[in-house]
Amino acid sequence: MEIRLDWLLRAAWVAGTLPILIASLPFSLVHSLHGFLLEFSSRGKTQQSSSHKFTVPQRFFLHFYVVGVVWTTFLMLATWCYAYKMAPLGVAAFSFSAAASHLTGSSHVFSLHKSRVADAQDRFEVWKSAFLLFLMEIHVLRRLYETLYVFKYSSSARMHIFGYLTGLYFYVAAPLSLCSFCAFEVLNFATDQVAEFNVKGPEMLSIIEVDLWRYAMPIANLGWWQWVGAAIFAWGWIHQCRCHAILGSVREHRDQGDKYVIPSGDWFDMVSSPHYLAEMVIYAGLLIASGGTDFTIWLLLAFVVANLAFAAAETQRWYLKKFEDYPHNRRILLPFIY
């Protein structure tokens, strides 16, 4: 039976989202589920000091972004090369493809991917996947930088091992969800290219000319939905960068012996968890850039929204409990609404 990657990813996103939605319902029957998920998802300041069983240091967040950067970089480069060689947009032939054809010849053993993607819509989908992975790469690279140089995690800050494993899974599955349309073809293509390079590496290097402009040029042929999505992505990306800088300065003052202060500035003046709101905007931008036709990316966004909304509600409760003078007009996550 054929394994459908998109079905597996969709099932995983639904399995992760449904318990959060059920636990968020205002019924006494789900209180136990709410507490169960809260124990698994809490971290840092919302983590109960007495509940350190099955926890890891919060600084292990670094592992999420190392995995995210390595995996996304591989998928992006492999998808881009596959798109360039096998799914050209607007140009009949590229120098790289010509060089590879000269190398392989009609009887070369590595013939699985010699034929290009014939359908114009399929070629567009491949390039769209490469573009989405490029945006994801920008995101995870910044998150890695912030984890190393902006956030100063306390040595006592912990997170549950379940939340840690969920984070690792997320940064493997999210990039795959952005390219599920062609992921198997791309991985097979990358495997064939590595095998071919092992056989004819020096000869390939001697004739292949890498023209970065030709690699990037097909992006100009993408539709306006991709650029609208990229603009929304950039809007969320910039605000999350600002909000993380604010949070980093708060933690820095705390490490210097100052008491914990209420964050302020940028979107913090409207909501308690603006970095979560910005994350939602980022993934909404990815959805719009995808054209909104891939149900897998819809489910990815649903998981992000459900997970962060659940965490934001607990963060709001912590702020209200910690500070008597906390601004009561500051919403949880959505300005003027929630």
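Please read these numbers as outputs of a predicted model, since none were measured by experiment.

All right, on to the overall build of the chain then. From N to C terminus, the chain includes 11 helices and 2 strands. If you list the helices and strands of the chain from N to C, you get α-α-β-α-α-α-β-α-α-α-α-α-α. In the chain, buried positions account for 48% of the 338 residues. Sequence-distant contacts in the chain: of pairs separated by 6 or more residues, those separated by 24 or more amount to 84%.

With that settled, consider helix H11 (residues 295–322). Taking 1.5 Å per residue, 28 residues should reach 40 Å; H11 reaches 41 Å between its end C-alpha atoms and fits that length. Its side-chain oxygen 2.9 Å from the backbone nitrogen of Thr-296, Asp-294 forms the N-cap of H11.

This part takes up a nonpolar patch on the surface. A surface patch of nonpolar side chains, amounting to about 660 Å² of accessible area, comprises Val-14, Leu-18, Leu-21, Ile-22, Leu-25, Phe-27 and Leu-29. The topology assignment puts Leu-29 in the loop between helix H1 (5–23) and helix H2 (31–41). We classify Leu-29 as exposed; its relative accessible area is 78%.

Attention shifts here to the pattern of salt bridges. Taken as a whole and assessed by the stated rule, the structure comprises 9 salt bridges. Notably, a salt bridge pairs Asp-6 with Arg-4, separated by 2.6 Å at the nearest N-O pair. Asp-6 sits in the buried class, given a relative accessible area of 12%. Arg-4 gets classed as partly exposed once you look at its relative accessible area, which sits at 33%. Arg-242 is the partner of Asp-266 in a salt bridge, and the nearest nitrogen-oxygen pair spans 3.6 Å. In this pair, Asp-266 sits in the loop between helix H9 (224–255) and helix H10 (274–289) while Arg-242 sits in helix H9, placing the two residues 24 residues apart along the sequence. You can call Asp-266 partly exposed: its relative accessible area is 25%. If you follow the salt bridges from partner to partner, you end up with Arg-4, Asp-6, Arg-10 and Asp-294 in one network.

What follows covers H1. With 19 residues, H1 should reach 27 Å at 1.5 Å per residue; the first-to-last C-alpha distance of 28 Å fits that figure. Of all the positions in H1, only Leu-5, Asp-6, Leu-9, Trp-13, Thr-17, Ile-20 and Ala-23 are classed as buried.

Next up on the list: the packing of aromatic side chains. This model, assessed by the stated rule, comprises 26 aromatic pairs. Judged by centre distance (5.5 Å) and plane angle (70°), the ring pair of Trp-318 and Tyr-319 falls under edge-to-face. Side by side, Trp-318 and Tyr-319 carry an identical accessibility label, which is buried.

Its identity as a non-glycine residue notwithstanding, Asp-266 has a phi of 50°, on the positive side. One non-glycine residue, Phe-336, lies in positive phi territory at about 65°. Structurally, Phe-336 is set in the segment after H11.

Phe-170 and Tyr-283 are the most contacted members of the largest nonpolar core, which totals 78 residues. Going through the elements one at a time, H1, helix H3 (61–86), helix H5 (120–149), helix H6 (161–178), helix H7 (183–207), H9, H10 and H11 are the ones with two or more residues in this core. Counting residues per element, this core draws most heavily on H3, which supplies 12 residues. Residue contacts for Tyr-283: discarding those within four places in its chain leaves Met-136, His-139, Phe-170, Tyr-171, Leu-300, Leu-301 and Val-304.

It is the contact of H6 with H11, at a shortest axis distance of 10 Å, that shows an interaxial angle of 150°. Relative to H11, the element H6 is oriented roughly antiparallel. The element H6 and its partner H11 pack so that their crossing is left-handed. When H6 is examined against H11, the residues Thr-166, Phe-170, Ala-174, Ser-177 and Leu-178 are found in contact with a partner set consisting of Thr-296, Ile-297, Leu-300, Phe-303 and Val-304. Of the residues that constitute the contact of H6 with H11, the class distribution is 7 nonpolar, 3 polar and no charged.

Rules behind the numbers
- Residues numbered from 1 in each chain as written.
- Predicted model: local features only at pLDDT ≥ 70, side-chain atom pairs only at ≥ 80, totals over all residues.
- Heavy atoms only, no water.
- Helix = DSSP H or I, 4+ residues; strand = E, 2+ residues; numbered from the N terminus.
- Buried < 20%, exposed > 50% of the residue type's maximum accessible area, 1.4 Å probe, protein only.
- Contact = heavy atoms within 4.5 Å.
- Expected span 1.5 Å × (residues − 1).
- Polar contact = N/O pair within 3.5 Å; in protein donor to acceptor, adjacent residues only side chain to side chain.
- Patch = residues over 30% accessible without salt bridge, like charges linked within 9 Å, V, L, I, M, F, W, Y side chains within 5 Å.
- Areas by Shrake-Rupley, 256 points an atom, 1.4 Å probe, with all protein chains shown as cover.
- Salt bridge = Lys/Arg side-chain N within 4 Å of Asp/Glu carboxyl O.
- Phe/Tyr/Trp six-rings, centres within 6.5 Å; stacked < 30°, edge-to-face > 60°.
- Core = buried A, V, L, I, M, F, W, Y, C linked by side-chain atoms within 4.5 Å.
- Axes fitted to C-alpha atoms, helices over the stretch in contact; angles between N-to-C directions.
- Parallel < 35°, antiparallel > 145°, perpendicular 65-115°, else oblique.
- Left-handed = near helix turned anticlockwise from the far one by under 90°.
- Nonpolar A, V, L, I, M, F, W, Y, C, P; charged D, E, K, R; others polar.

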